[in-house]
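If you want the building blocks of each chain, they are given just below.
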Amino acid sequence: MGTSKQFIVRCLNMRMLLVFATICILTLPIRASASLGDDVGSVQADQARMKGVQRTTRTELYTVHEIKASEGTVVREYVSSAGKIFAVVWQGPFLPDLRQLLGGYFERFSQGSQARNNNRPRIRGPILIQEPGLVVQSGGHMRAYFGRAYLPDQVPKGVNIEEIR
Amino acid sequence: MRKVIFEGSLILVVFGMWVLFTECGGGGSGGGSNTTVNSAENVQPIVVNGGPIAADSSSNIIYPNAAFTSVTVCVPGTSNYCQTIDGILVDTGSVGLRLLSSNGGGALTLSLPTQTIDGNPLAESVQFGDGSYIWGPVEIADVKIAGESASSVPIHVLDHDFYTIPNESSSGGGPEKDDLQSLGANGILGVGQFQQDCGGACASTSGGVPLSIAYYECSSAGCHLVSVPLSQQVQNPVALFPKDNNGIIIMLPAVSGAAATISGSLVFGIGTQSNNGLGSAAVYMLNQNHAITTIYKNQTMPNSFIDSGSNCYFFSDNAIPQCTQSYVSGYYCPPTTLNLSATNQGANGTSGTVTFSVGNASTMFSGPTSDYDAFSDLAAPFKIADNFLWGLPFFYGRTVYTAIEGMDTPAGQGPYWAY
């Protein structure tokens, strides 16, 4: 039975990750607020912020950085060959920090969300904000959240947006 | 952030009429809604009538396709310190009783004991899927609905003024909904698939840090994240009933296009009484995402939900035009009503076809039906192809069962949906 040893190793790894994450947060306080539309460097900031484990996969047209946060939510950041994050996708038991994930686009999303809340016939359910150059969708409920945000103008040619999930 | 909007005493008088203090001795009266009467102890009337904001004619807001009921809360162990609150949203997509404080224009005036952790008040921040959020203390109440009663239930009281809202709460980008105009209800009765609202993630820590951003311990130093044992989290009151505690049934009449208001029933228990058997209903067990699979126009969507707290169908179909008029932005507006179908599949292999219609929202919310509250054909785009959300119109003309996790039923243990 190697499980207890594996558990200890995993704990040590998690602790080291936490220390690493703390150092990153302390040394990168400004970088930690960048993401969608930013360059690939902000992926590391998100990883640190989410105290997450990262996995990278590549296709011909883009690279996907998948970060699994300790509480279980998975975030995938899609990076073009030019090094720009053109889409982010999330799924899991908690809503990720969209202020962090959407970066400079957060305020536009937030304004759209506030405006929707003031519609005369209330609309209650997942949200879809479509604006020139920005699409954000967010839905789900406690224990099961999902969403996607992307920059239509920066999606690499040849990529079907339905594969961004 | 939005602040509480209420001015003047007229509105307070109106709210006063929604609130009935009861002696709690005679089985709790229904609170004045003109719904069908059913005397069974496990049957509670529900109504789709626009809810509390419909009573405020100055607001010009309507809340279509929302089912409301009343709930009685009492100071634990007492029968004289009780309040019956009407206008509470019936939500199978969430778990736990949440009551809007009078600070936020809600009906709750009864003082209840606060749940403590390490001797300090416990508070909760809940983010909805659309990024909006609610905040306030966890309090303890005896919860009585119809003839059912659960003792010492942790509930959530929504109160913007409780300590200071943590910064993390607003990280979803949506509005705070701790006021009546935003929430559209005096509270939410979450009767979904789980026994607690958060579960294991909120009871755990990693490196001494709580995993979730839901629960907070508050003191004079402010509120900080805390892990909370399952039994102290906000609970599904149904699971704490001594009987009829394995799930709920929602029954609403069919709606042909639009109806001013409709009345139906919230029934407690599945197969526990002569009036709550599964009958011919098909059982859809849930997959690892706590969801079912919906297949629509050759798209397979394994993250699909049945949710009475969402007020229309949400799904992706690029062939259906979206509304261009700002007053119905966010809804679908096909030129003529579309008759559509989809197939639902459960993790247990159950499969069945659902027919539904999508109408023009700008037509629904203008002309003779503009003040109606029930619309069978209301739909909105949500363009993540994994998800089909069956909101309240799905419940019209159906008997829909929601079974709670870990509870035995005649069709096996929950969680599942059946209809």
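**Points about the overall build of chain A**
A count of helices and strands for chain A gives 4 helices and 7 strands. When the elements of chain A are put in sequence order from the N terminus, they spell out α-α-β-β-β-β-α-α-β-β-β. A buried classification covers 45% of the 165 residues belonging to chain A. Summarising the internal contacts of chain A: among those between residues at least 6 apart in sequence, 43% fall at separations of at least 24.

**What to know about the overall build of chain B**
Counting secondary structure elements, chain B contains 4 helices and 28 strands. A compact globule built from 419 residues should have a C-alpha radius of gyration of about 22 Å, and chain B, at 21 Å, falls within 12% of that. Judged by the C-alpha coordinates and their principal axes, chain B covers about 60 × 50 × 50 Å. In chain B, buried positions account for 58% of the 419 residues.

**Thoughts on the sheet that holds strand 25 (residues 379–381) of chain B**
All names here are of chain B. Taken together, the 7 strands give an open sheet; going across it, the order is 23-22-19-20-26-21-25, and neighbouring strands pair in mixed fashion. Both outer strands of the open sheet, strand 23 (351–358) and strand 25, are each paired with one neighbouring strand and no more. Where strand 20 (residues 299–306) lies against strand 26 (residues 389–390), 2 bridges are found, and the strand directions are parallel. Paired with isoleucine 306 across the bridge in strand 26 is tryptophan 390.

**A short note on helix 4 (residues 106–117) of chain A**
Look at helix 4 of chain A: 17 Å from first C-alpha to last across 12 residues, which is about the 16 Å you get at 1.5 Å a residue. Those residues of helix 4 of chain A not exposed but buried are Phe106, Phe109, Ser110, Gly112, Ser113 and Asn117 of chain A. End-on view of helix 4 of chain A: buried residues confined to an arc of 160°, all on one side of the axis. In this fold, the buried residues of helix 4 of chain A make contact with helix 3 (98–102), strand 5 (127–131) and strand 6 (134–141) of chain A together with helix 2 (180–183) of chain B.

**Comments concerning the pairing of strand 22 (residues 338–345) of chain B**
Residue and element names in this part refer to chain B. With 3 bridges joining them, strand 19 (residues 292–296) and strand 22 adopt antiparallel strand pairing. Among the inter-strand pairings, threonine 293 is bridged to a residue of strand 22, identified as glutamine 345. Here 8 bridges tie strand 22 to strand 23, and the two strands are oriented antiparallel to one another. When the sheet's bridge partners are listed, asparagine 344 is paired in strand 23 with glycine 352. With antiparallel pairing between neighbouring strands as the criterion, strand 22 and strand 23 make up a hairpin whose turn holds 5 residues, including glycine 349 at a positive phi of roughly 95°.

**Topic: the domain arrangement of chain B**
The parts lose accessible area when they come together, and the size of an interface is often stated as this lost area. Residue and element names in this part refer to chain B. Domain boundaries assigned for chain B yield domain 1 (9–240) and domain 2 (279–418). Of the residues lining the interface, 22 residues belong to domain 1; the matching set on domain 2 comes to 24 residues. A total of 3 residues in the side of domain 1 that touches domain 2 trace back to one element, the largest contributor, which is strand 4 (residues 82–91). Classifying every residue of the side of domain 1 that touches domain 2 gives 11 nonpolar, 10 polar and 1 charged.

**Details of the environment of glutamine 154 of chain A**
Residues and elements named next belong to chain A. Within the secondary structure layout, glutamine 154 lies in the segment after strand 7 (144–150). For the pair glutamine 154 and glutamine 100, spaced 54 residues apart in the sequence, the C-alpha separation amounts to 19 Å. Those residues in contact with glutamine 154, other than ones at most four positions away along the chain, are Ser80, Lys84 and Phe86.

**Side note on the interface of chain B and chain A**
Residue-level contacts link 56 residues of chain B with 42 residues of chain A. Counting residues per element, the ones that place at least two in the side of chain B that touches chain A are strand 7 (120–127) and strand 25 of chain B. Of the residues in the side of chain B that touches chain A, the class split is 25 nonpolar, 27 polar and 4 charged.

**Overview of the nonpolar core**
With 153 residues, the main nonpolar core has Val88 of chain A together with Phe68, Val90, Tyr331 and Ala361 of chain B as its most contacted residues. The dominant element in this core, judged by the number of residues it contributes, is strand 8 (residues 133–145) of chain B, at 7 residues. Both domains that furnish three or more residues to this core are identified here as domain 1 (9–240) and domain 2 (279–418) of chain B.

**Notes on the pairing of strand 9 (residues 148–158) of chain B**
Residue and element names in this part refer to chain B. Burial analysis of strand 9 places 9 of its 11 residues in the buried class, the great majority of the element. Taken together, the 3 bridges between strand 5 (residues 95–100) and strand 9 define a ladder with parallel strand orientation. From the neighbouring strand, arginine 98 faces strand 9, where its bridge partner is histidine 156. Here strand 8 hands over to strand 9 after 2 residues, with alanine 146 in that stretch at a positive phi of 50°.

**Focus: the confidence of the model for chain B**
Summarising the model, chain B shows a mean pLDDT of 90, and 91% of its residues fall at 70 or more. Interface confidence for the predicted complex, expressed as ipTM, amounts to 0.87; the pTM equals 0.87.

**Description of the environment of alanine 281 of chain B**
All names here are of chain B. By the secondary structure assignment, alanine 281 is in the loop between strand 17 (262–268) and strand 18 (283–285). Measuring from C-alpha to C-alpha, the distance between alanine 281 and arginine 398 comes to 9.8 Å, with 117 residues separating the pair along the chain. What alanine 281 contacts, discounting residues up to four positions off in sequence, is Thr399, Tyr401, Ala418 and Tyr419.

Thresholds applied
Residues numbered from 1 in each chain as written. Chains lettered and ligands numbered in written order. Predicted model: local features only at pLDDT ≥ 70, side-chain atom pairs only at ≥ 80, totals over all residues. Helix = DSSP H or I, 4+ residues; strand = E, 2+ residues; numbered from the N terminus. Buried ≥ 20, exposed ≤ 12 C-beta atoms within 10 Å, placed from the backbone. Contact = placed C-beta atoms within 7 Å. Rg over C-alpha atoms; globule rule 2.2 N^0.38 Å. Pairing = 2+ DSSP bridges. Expected span 1.5 Å × (residues − 1). Arc of directions from axis to C-beta. Domains from an automatic or database assignment. Nonpolar A, V, L, I, M, F, W, Y, C, P; charged D, E, K, R; others polar. Core = buried A, V, L, I, M, F, W, Y, C linked by C-beta atoms within 7 Å. pLDDT = per-residue confidence, 0-100.

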